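One letter stands for each residue in the lines below.
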Amino acid sequence: MYVTDKILPELPAPSNSKGLIHWLKTNLFNGPFNTLFTLLAAYVLYKVIPPAIEWAFIDATWFAETSGECKLENGDRKDGACWAFITNRFDQIMYGFYPEAERWRPNLAGIMLVLLTIPLFFEKTPKKAWLGGFILVIFPFIAFVLIRGGYFGLEAIDTGKWGGLMLTLIISLVGILFALLFGTILALGRRSSMPIVKSLSVVFIEFWRGVPLITVLFMSSVMLPLFLPEGTTFDKLARAMIGIILFQSAYVAEVVRGGLQAIPKGQYEAAAAMGLSYWKSMFLVILPQSMKLVIPGLVNTFIALFKDTTLVLIIGLFDLLAIIENVLGSDNAWLGFHTEGLVFAAFVFWLFCFGLSRYSMALERKLDTGHRN
Amino acid sequence: MANNAQVNNNEEYAIQLINMNKWYGDFHVLKDINLNVKEGERIVICGPSGSGKSTVIRCINHLEEHQKGQIIVNGEEITGDVKQLERLRTDVGMCFQHFNLFPHLSILDNLTLAPIWVKKIPKAEAEATAMKYLERVKIPDQALKYPGQLSGGQQQRVAIARSLCMDPKIMLFDEPTSALDPEMISEVLDVMIELANEGGMTMLCVTHEMGFAKKVADRVIFMDAGQIIEENNPEEFFNNPQSERTQLFLSQIIDH
């Protein structure tokens, strides 16, 4: 027989940090192969990074009135990057052909959106649901009236003049909002017990998922007008947006469906057993849980959507990339600074996508209630 | 809303099952189930696994559909009509083997969800009721935690409180202690015994806890292979089981 005569105390866990040398040894130089690869990688980095920094920062020309300041006397380019191309044409890259005198309107809309959104990030904000609803339902109309104009004495600005980063952001935000909405409805439809709803959802999803986005955009701008009665005009931007929304909602639907299927049957049963109707149990019990599960997949889709907006250049809309590539690229005053433009566009896209990715990670952590199904 | 189905309108019965049959595909899972439950009666259903006992109570609130026969709850035959079901389910609470709390909501929100959204009770009032029931199941201090932070026994007690918040006339328990660690079973049974002893509520409980059956049941029903084999008051049922199948079952579970 054995009976313990004391309760053992809790001790701190042993420390794993054994200093830099130890870390290097275990992670970079543990064996001949890894040592070789470490040295090789170090050499490649040494060859690539310093020149890149030199080009982008040290030798760069940041501001200039003309492209001449980015060139040597004999007309060749200087070694460093010519960011002056970007800074000089910054307004056009941001707004496209939107008239300069009216640019306060999109600015105001943007500032309003940011100011309205900030309170949502604070726990203590009262009536958050109402504020969120206002942003999703009312604000788009305000933004449309501001940017499009034609009401309240605001000069109407044709959507053909919208462009640059502004257009990219408008298409993306509208696209994400509606793709999420339609996608969720489609996902619910695909899991519906009603055969007609289910079949329609399946056909819709499989059709739009099976068509390349480029085709959708071509169809919307070239084919659609052929089917419409003669004389009807339908805004080009609106057509492109509808195409993008239908296309992306099919992807969102499949992501959301994955989340719906991951929720245990017991959750559906518990909600039903309490007398919650189908829609109430979906919106109060099932979707909040499944949306949380599919945040990584949704963000993936949204990032793809954001980058896919660049395809609108093929139907003659000038988003951020199209402005840099097609408009400024053929601008005689700044010929030959194509690379800087592309690097800048890539950087802007990366910045937004990375921001979205980081935000989604923070959101996942915040929504984690410590439950693993 | 009008209910056109023919109903044996006997007010004193909370639940009537009349020749109820159910199949899973070709498998005849419930055979001619007949059961009348009086208002306020406490019934324990037991039997080996696969005998259909859970299916019976899941048919009563139409989580499962029966194919033949009638189910009459509170004088109204279940037709599967969506609106009827939503109304009926507010009167019939259910506790599940795996609790099925909503993991994304705090305990308090779990309890107030249905009262607020189904019964349209103001939030403050729903929260007061919720706290009252949390106190009854002895965990008011956990109100702001999430289900994932509670032990199994605590979760099941929350699930019971959640059902009670809807003020149901009938409570269905589907093996409420089967998924619990042994040392947590009694805390849940205590709550259930207290509830049963208060009276007034019709209770149907599928369980293997024979001590609970002896203490509170008005009737014990033994099922095997989809049919009711034996039905008696607990004393007779445990001391003087009639059918061989019941005797075998009781010898297998009580001797341990």
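Worth saying up front: this structure is predicted, and the values here are computed from it rather than measured.

Asker: When you look at the overall build of chain A in this model, what are you seeing that I'm missing?
Answerer: The secondary structure content of chain A amounts to 15 helices and one strand. Taking 373 residues into account, the globule formula puts the C-alpha radius of gyration at 21 Å, and chain A, at 27 Å, lies well above it. In terms of principal-axis extent, the alpha carbons of chain A reach across some 100 × 65 × 45 Å. In chain A, buried positions account for 37% of the 373 residues. Expressed as a percentage of contacts within chain A between residues at least 6 apart in sequence, the contacts between residues at least 24 apart total 68%. Just so you have it, chain A exposes about 22,300 Å², and 69% of that area is on carbon and sulfur atoms. For chain A, the distance from the average site of its 30 positive side-chain charges to the average site of its 27 negative ones is 12 Å.

Asker: Would you mind going over the sheet that holds strand S2 (residues 27–38) of chain B with me for this structure?
Answerer: Each strand in a sheet pairs with its neighbour through backbone hydrogen bonds, running either in the same direction (parallel) or in the opposite one (antiparallel). Residue and element names in this part refer to chain B. With antiparallel pairing, the four strands of this open sheet are ordered in space as S2-S1-S4-S5. Each end of this open sheet is capped by a strand with a single partner; those strands are S2 and strand S5 (76–77). Note that strand S1 (residues 13–24) and S2 share eight bridges and pair antiparallel. Directly across from leucine 17, in S2, lies its bridge partner leucine 35. Taken strand by strand, helix H1 (residues 53–60) contacts S1, S2 and strand S4 (68–73), and its axis lies near 120° from that of S1.

Asker: I keep staring at the confidence of the model for chain B and nothing clicks. Help me out?
Answerer: Detailed reading of the predicted coordinates is not advisable wherever pLDDT is low. Looking at chain B, pLDDT values average 90 and 95% of them are 70 or higher. This model gives residues 1–8 of chain B a pLDDT under 50, and the stretch forms 16 contacts once residues within four places in sequence are excluded.

Asker: For this particular structure, what's the right way to read the packing of helix H7 (residues 164–190) of chain A against helix H13 (residues 295–308) of chain A?
Answerer: The relative placement of two packed helices comes down to the angle between their axes together with the axis-to-axis distance. Residues and elements named next belong to chain A. Their axes nearest at 9 Å, the elements H7 and H13 cross at an angle of 145°. Of the two possible hands of crossing, H7 and H13 adopt the one that is right-handed. Residues Thr168, Leu169, Ser172, Gly175, Ile176, Ala179 and Leu180 of H7 form the contact with H13, whose participating residues are Leu298, Phe302, Leu305 and Phe306. For the contact of H7 with H13, a count of residues per class yields eight nonpolar, three polar and no charged.

Asker: It is not clear to me how the side chain of Gln142(B) should be interpreted in this structure. Could you clarify?
Answerer: If you trace the backbone, Gln142(B) turns up in the loop between helix H4 (123–136) and helix H5 (152–164). Discounting chain neighbours no more than four positions away, the residues touching Gln142(B) are Ile107(B), Leu150(B) and Gln154(B).

Asker: Just checking my understanding: could you explain the pairing of strand S10 (residues 227–232) of chain B for this structure?
Answerer: Two faces make up the sheet, and in a regular strand the side chains alternate between them. Residues and elements named next belong to chain B. For strand S9 (residues 219–224) and S10, the ladder comprises five bridges, and the chain directions are antiparallel. By the bridge assignment for S10, aspartate 224 is matched with glutamine 227. Between S9 and the antiparallel strand that follows it, S10, lie two residues; alanine 225 among them carries a positive phi value of about 50°.

Asker: Looking at this model, I keep getting lost on the nonpolar core. Mind explaining?
Answerer: Nonpolar side chains in soluble globular proteins generally cluster together in the buried interior. Residues Ile93(A), Trp162(A), Leu17(B) and Leu204(B) are the most contacted members of the largest nonpolar core, which totals 123 residues. Sequence-distant contacts of Ile93(A), defined by excluding residues within four places in its chain, comprise Ile86(A), Gly164(A), Leu165(A), Leu320(A), Ile323(A), Ile324(A), Leu328(A) and Phe344(A). Judged by nonpolar contacts, the second largest core, of 47 residues, contains Met184(B), Val188(B), Met210(B) and Ala213(B).

Asker: Is there a simple way to explain the interface of chain A and chain B in this structure?
Answerer: With 22 residues of chain A at the interface, the matching set in chain B holds 24 residues. Between chain A and chain B, the buried area comes to about 2,000 Å², and carbon and sulfur atoms account for 65% of it. Among the ionic pairs, Arg58(B) bridges to Glu269(A), the shortest N-O distance being 2.5 Å. Between chain A and chain B we count six residue pairs in polar contact (both at pLDDT 80 or more) in total. Of all the secondary structure elements, the ones that give two or more residues to the side of chain A that touches chain B are helix H11 (265–273) and helix H12 (278–293) of chain A. Ranked by the residues each element gives to the side of chain A that touches chain B, the list is headed by H11(A), at eight residues.

Asker: Quick question: what am I supposed to make of a nonpolar patch on the surface here?
Answerer: A contiguous nonpolar patch, built from Tyr43(A), Val44(A), Leu45(A), Tyr46(A), Val48(A), Ile49(A), Ile53(A), Phe57(A), Ile58(A), Trp62(A) and Phe63(A) and spanning about 1,200 Å² of accessible area, is present on the exposed surface. The residue Val44(A) is located in helix H2 (residues 32–58) in this model.

Asker: When you look at the packing of helix H10 (residues 236–262) of chain A against H13(A) in this model, what are you seeing that I'm missing?
Answerer: Residue and element names in this part refer to chain A. H13 packs onto H10 with a crossing angle of 165° between their chain directions and a minimal axis gap of 9 Å. When the interaxial angle is binned, H10 and H13 end up roughly antiparallel. Here H10 runs over H13; the crossing is right-handed. Residue-level inspection shows Ile244, Gln248, Tyr251, Val252, Val255 and Val256 of H10 in contact with H13, the latter providing Gly297, Leu298, Thr301, Phe302, Leu305 and Asp308. Grouping the constituent residues of the contact of H10 with H13 by class yields eight nonpolar, three polar and one charged.

Asker: Help me understand the sheet that holds S9(B) in this model?
Answerer: Residues and elements named next belong to chain B. Pairing is mixed across the open sheet formed by six strands, whose spatial order is S6-S7-S8-S3-S9-S10. Two strands in the sheet have a free side with no partner beyond their single neighbour: strand S6 (92–95) and S10. Looking at each pair of strands side by side, their axes are set apart by 20° on average, direction ignored. Of the strand pairs in this sheet, strand S3 (residues 42–46) and S9 are connected by four bridges, and their pairing is parallel. In the strand pairing of S9, cysteine 46 is matched with phenylalanine 222. Packed on one face of the sheet, H1 meets S3, S6, strand S7 (170–174), strand S8 (202–206) and S9 and runs near 150° to S7. Set on the sheet, helix H2 (residues 82–91) makes contact with S6 and S7; between it and S6 the angle comes to about 70°.

Asker: I would appreciate a short explanation of the confidence of the model for chain A in the present structure.
Answerer: Residues of chain A with pLDDT of at least 70 account for 98%, and the chain-wide mean is 87. Considering each helix and strand of chain A separately, the mean pLDDT is smallest for helix H3 (residues 84–88) of chain A, with a value of 82, and largest for helix H8 (residues 195–209) of chain A, with 95.

Asker: In this structure, what is going on with the pattern of salt bridges? I would like to understand it.
Answerer: Pairs can form between side chains of opposite charge whenever their charged atoms are close. Throughout the structure, instances matching the rule amount to 23 salt bridges over all chains. Residue Lys265(A) pairs with Glu269(A) through a salt bridge whose shortest N-O separation is 3.4 Å. Of this pair, Lys265(A) and Glu269(A) both sit in helix H11, four residues apart, roughly one helical turn. The exposure class assigned to Lys265(A) is exposed, which follows from its relative accessible area of 57%. For Glu269(A), a relative accessible area of 11% gives the class buried. Residue Glu198(B) is joined to Arg136(B) by a salt bridge in which the shortest nitrogen-to-oxygen separation is 3.1 Å. Of the two residues, Glu198(B) is situated in helix H6 (residues 182–198) and Arg136(B) in helix H4; the sequence distance between them amounts to 62 residues. For Arg136(B), a relative accessible area of 26% puts it in the partly exposed group. Among the ionic contacts, a cluster of salt bridges with common partners joins Arg190(A), Glu206(A), Arg209(A), Glu254(A) and Arg257(A).

Asker: Where do I start with the pairing of S6(B) in this structure?
Answerer: All names here are of chain B. Going residue by residue along S6, you find Val92 and Met94 tucked away on one face and Gly93 and Cys95 tucked away on the opposite face as well. Where S6 and S7 come together, four bridges link them in parallel fashion. When the bridges of S7 are listed, methionine 94 appears paired with leucine 172.

Rules of the game
Residues numbered from 1 in each chain as written. Chains lettered and ligands numbered in written order. Predicted model: local features only at pLDDT ≥ 70, side-chain atom pairs only at ≥ 80, totals over all residues. Heavy atoms only, no water. Helix = DSSP H or I, 4+ residues; strand = E, 2+ residues; numbered from the N terminus. Rg over C-alpha atoms; globule rule 2.2 N^0.38 Å. Buried < 20%, exposed > 50% of the residue type's maximum accessible area, 1.4 Å probe, protein only. Contact = heavy atoms within 4.5 Å. Areas by Shrake-Rupley, 256 points an atom, 1.4 Å probe, with all protein chains shown as cover. Lys, Arg positive; Asp, Glu negative; His and termini not counted. Charge placed at Lys NZ, Arg CZ, Asp CG, Glu CD. Pairing = 2+ DSSP bridges. Axes fitted to C-alpha atoms, helices over the stretch in contact; angles between N-to-C directions. pLDDT = per-residue confidence, 0-100. Left-handed = near helix turned anticlockwise from the far one by under 90°. Nonpolar A, V, L, I, M, F, W, Y, C, P; charged D, E, K, R; others polar. Core = buried A, V, L, I, M, F, W, Y, C linked by side-chain atoms within 4.5 Å. Buried area = accessible area lost by both parts, 1.4 Å probe. Salt bridge = Lys/Arg side-chain N within 4 Å of Asp/Glu carboxyl O. Polar contact = N/O pair within 3.5 Å; in protein donor to acceptor, adjacent residues only side chain to side chain. Patch = residues over 30% accessible without salt bridge, like charges linked within 9 Å, V, L, I, M, F, W, Y side chains within 5 Å. Parallel < 35°, antiparallel > 145°, perpendicular 65-115°, else oblique.

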